[in-house]
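# Architecture at a glance
One-letter residues, chain by chain:
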Amino acid sequence: MATPAERIESIRANGLSWKGPLTMEQYIAREDFLIQQDMVKDGWMTCWVLVDRRLRPDERPILSSCESIAKRAFLAYQGNIETVVTHGIGSVFCPPEHRGRGYAKRMIIELSKILDTWQQERGAGQGHPQCLFSVLYSDIGKSFYAAHGWHPYASSHFTLAPEAFGTAAINGSANGNGSSSGNGSVRITKGVDMSIVKDMSREDVLRYMCSEPVMEQHKQKLKDASKVSSKAIAAFPPDFAHMSWHWARDEFYSQILRPEKGETHVKGAAVPSRKVFMTWNRKYGATSKDCTLYILRTQYEEPSSPAERQGVVEALAAILRRARVEAHEWNVDHVQIWNPSALVKEAILIADPDAAEIHREKDSIPCLKWDGDKFGYGENVDWMWNERYGWC
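For clarity, every value in this text was computed on a predicted model and none was experimentally measured.

On to the packing of aromatic side chains, then. The relation between two aromatic rings is expressed through the spacing of the ring centres and the mutual angle of the planes. A complete count under the given rule lists 17 aromatic pairs for this structure. Pairing F240 with W247 gives two aromatic rings, centres 5.6 Å apart and planes at 80 degrees, and the pair type is edge-to-face. Taking relative accessible area as the criterion, F240 reaches 22% and is therefore assigned partly exposed. Its end group placed over the ring of W385, R297 keeps NZ or CZ at 5.2 Å from the ring centre.

This is the structure we're talking about:
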C-alpha cells in the first residue's frame, strides 16, 4: 500500500498520460477532491504501488501503481440475495521507463491475492471471509486481464451526435420547480414529443432512481431473476453514491473548462408519468473528440402490453434527444450509452437514426473475476446493469 507521498508521486506519474486538459496541479487537486466523495471516502479507496520492499518508503522507485475501491454489491443466487463487499480496480499504470519488465503483471498478481480478503469486514452482517468477485475496466484489450482471471463482459455502446436548439419547448424539471437549460428549446423531431420530458436535478435523481424503496425494488428484481437462472447474478447498486462520484468528476472539470456555464444543475432527464429516467455526466478529454456525455444509468419498468411498450420507447427516445441537446449546450462531441437493451436500442434509432453501435475491443472493457464458485455460488455469474455508472 502506498504512503501518502507515494500516492501523490503515482498520480504525478500517471498524470503525464491521463491529465488531459488539466494542469498537473489541477489533476492532483481532482484526485484529492474525488477521494472525499461518499463512495470512496473513509478508506474505501486504496492506492497500491509495486516497489522494492528492501528500500525505504518515500525513497523507493514506484515500478507500477493502481487503485482499488471497496464497493458494496448485490449478489443473487437461487432466489436469495445479499449485499457483499467487492472491489473495483482502476488507474493501473506503469511508468514508461519501467515498461517491458513484467511489473504491471506482477502487481496485478500480488494485488489479486491481497484483495481476496481486503476490507471484507466492511460487509453486511458477518460478511464473507473472501471477496466473491472483483471488476476492472481494461484499456489494453481483453487478453491481458483475462489471463489473470478477469474475463471480459459485454462492451458495446451507441454514439449519438449532439443536437442543436430549435423551437420545441422543454417542459421544466422533474419536480416542477426547476427550469429548462439554455433558452429552453430544441428542434422538433418526428416521432419525438419533447414536451413530455422533464429535466432532473440531483434531488430528482435521488427521489426517482436512488431512493431506498427503489433499491429494494431492484433487489427484488435480482432475486426473481436468480430463481429462473442457473447462474449467480451480480450487480452494483445504482445508488446515489455511485452517481454523485461521477457528477463530482464532471463538476470539477466543468468549473475549470466551462466556467461560463455555471453550475451543472441538470443531472439527467425523465418522463415521470411513464416511469422512464436517465441520468448522465460529462467527461472532458485532451481534445474535443474526447469529450463525452455519458448516460450513466437508464431506468424503466418492463412494459406489459404493446401500448405500454410504445409509450416507454417514445419516452426513452425523447430523453435521449434531450441528452443530445445537453451535449450541444456544453460543447460535448457526442452522447454515449453502454450496453443498451433491445428496447433502448429501438429508442436510440428514433432519437438519432444515424447513431452507431460500437463493440469495444480495447478501451473500457468491463472485466469480472469470479471466485463465488469456491463458496457454492455456481460456476458462472451474470453481470446485471453493466452500465456506465459502475465504471471506476
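Glancing now at the sheet that holds strand 14 (residues 334-338). The strand order across the open sheet formed by seven strands is 9-11-12-13-14-6-15, and the pairing between neighbours is mixed. Looking at the sheet topology across the chains shown, the edges are occupied by strand 9 (198-200) and strand 15 (356-359). Ignoring which end each strand starts from, the neighbouring axes of this sheet average 30 degrees apart. Alignment of strand 6 (residues 156-160) against strand 15, held across four bridges, turns out to be antiparallel. Its bridge partner being in strand 15, S156 is matched across the sheet by H359. Packed on one face of the sheet, helix 8 (residues 306-329) meets strand 6, strand 9, strand 11 (268-271), strand 12 (276-283), strand 13 (292-300) and strand 14 and runs near 20 degrees to strand 12.

Viewed as axis vectors pointing N to C, helix 1 (residues 4-18) and helix 2 (residues 24-34) meet at an angle of 120 degrees, and their least axial separation amounts to 10 Å. Relative to helix 2, helix 1 is oriented oblique. The two elements helix 1 and helix 2 meet at a crossing, and its hand is right-handed. In this structure, helix 1 uses R7, I8, I11, R12, N14, G15, L16 and W18 to contact helix 2, whose residues at the interface are M24, E25, Y27, I28, E31 and D32. Residue composition of the contact of helix 1 with helix 2, grouped by class: seven nonpolar, two polar and five charged.

One pass over the structure, following the stated rule, counts 30 salt bridges. E163 serves as the salt-bridge partner of R321, at 2.9 Å between the closest nitrogen and oxygen. Here R321 is found in helix 8, whereas its partner E163 is found in the loop between strand 6 and strand 7 (168-169), with 158 residues between them in sequence. The exposure class assigned to E163 is buried, which follows from its relative accessible area of 1%. With a closest N to O distance of 3.6 Å, K289 and D333 form a salt bridge. One end of the pair, K289, is in the loop between strand 12 and strand 13; the other, D333, is in the loop between helix 8 and strand 14, with 44 residues separating them in the sequence.

As for its placement among the helices and strands, S364 is situated in the loop between strand 15 and strand 16 (365-370). In sequence terms S364 and C392 are 28 residues apart; their C-alpha atoms lie 9.7 Å from each other. Excluding residues within four positions of it along the chain, S364 makes contact with Y137, S138, D139, W338, R388 and W391.

Let us now look at the pairing of strand 14. Across the five residues of strand 14, five count as buried, placing the element largely inside the fold. Across four bridges, strand 6 lies against strand 14 in antiparallel orientation. What sits directly across from H157, in strand 14, is W338. Here four bridges tie strand 13 to strand 14, and the two strands are oriented parallel to one another. Counterpart to T292 in the pairing with strand 14 is H334.

On to helix 9 (residues 342-351), then. Listed as buried for helix 9 are L343, V344, A347, I348 and A351. Each buried residue of helix 9 lies within a common arc of 140 degrees when the element is viewed along its axis, so the set occupies one face. Those residues of helix 9 that are buried are in contact with strand 6, strand 13, helix 8 and strand 14.

Here we come to helix 3 (residues 103-115). With 13 residues, helix 3 ought to run about 18 Å at 1.5 Å a step, and its terminal C-alpha atoms sit 18 Å apart, in line with that. Inspection of helix 3 places M107, I108, L111, S112 and L115 among the buried residues, and these make up the whole buried set. Burial along helix 3 is one-sided: seen end-on, the buried residues are contained in an arc of 135 degrees.

Before going further, it helps to examine unusual backbone geometry. Its identity is not glycine, yet K275 carries a phi of approximately 60 degrees, on the positive side. Its relative accessible area of 45% is what places K275 among the partly exposed residues. Positive phi values are uncommon outside glycine, yet W385 reaches one of about 55 degrees. Take W385: it is sitting in the segment after strand 17 (381-383).

We now examine the layout of surface pockets. The computed volume of the second largest pocket comes to approximately 570 Å³. Lining the second largest pocket are 21 residues, and of these R297, E302, M384, W385 and E387 sit closest to its centre. Where the lining of the second largest pocket is concerned, the elements lending two or more residues are helix 6 (212-227), strand 13 and strand 14. It is strand 13 that provides the largest number of residues to the lining of the second largest pocket, a total of four residues. In terms of residue class, the lining of the second largest pocket is made up of 11 nonpolar, six polar and four charged.

Conventions we followed
- Residues numbered from 1 in each chain as written.
- Predicted model: local features only at pLDDT ≥ 70, side-chain atom pairs only at ≥ 80, totals over all residues.
- Heavy atoms only, no water.
- Phe/Tyr/Trp six-rings, centres within 6.5 Å; stacked < 30°, edge-to-face > 60°.
- Buried < 20%, exposed > 50% of the residue type's maximum accessible area, 1.4 Å probe, protein only.
- Lys NZ or Arg CZ within 6 Å of the ring centre and 35° of its normal.
- Pairing = 2+ DSSP bridges.
- Helix = DSSP H or I, 4+ residues; strand = E, 2+ residues; numbered from the N terminus.
- Axes fitted to C-alpha atoms, helices over the stretch in contact; angles between N-to-C directions.
- Contact = heavy atoms within 4.5 Å.
- Parallel < 35°, antiparallel > 145°, perpendicular 65-115°, else oblique.
- Left-handed = near helix turned anticlockwise from the far one by under 90°.
- Nonpolar A, V, L, I, M, F, W, Y, C, P; charged D, E, K, R; others polar.
- Salt bridge = Lys/Arg side-chain N within 4 Å of Asp/Glu carboxyl O.
- Arc of directions from axis to C-beta.
- Expected span 1.5 Å × (residues − 1).
- 1 Å grid on protein atoms, 1.4 Å probe; cavity = no way out; pocket = protein on both sides within 12 Å on 5 of 7 lines; lining within 4 Å.
- Points joined across faces, edges and corners; volume = space filled by probe spheres on them.

Just geometry here; none of it tells us what the structure is for.
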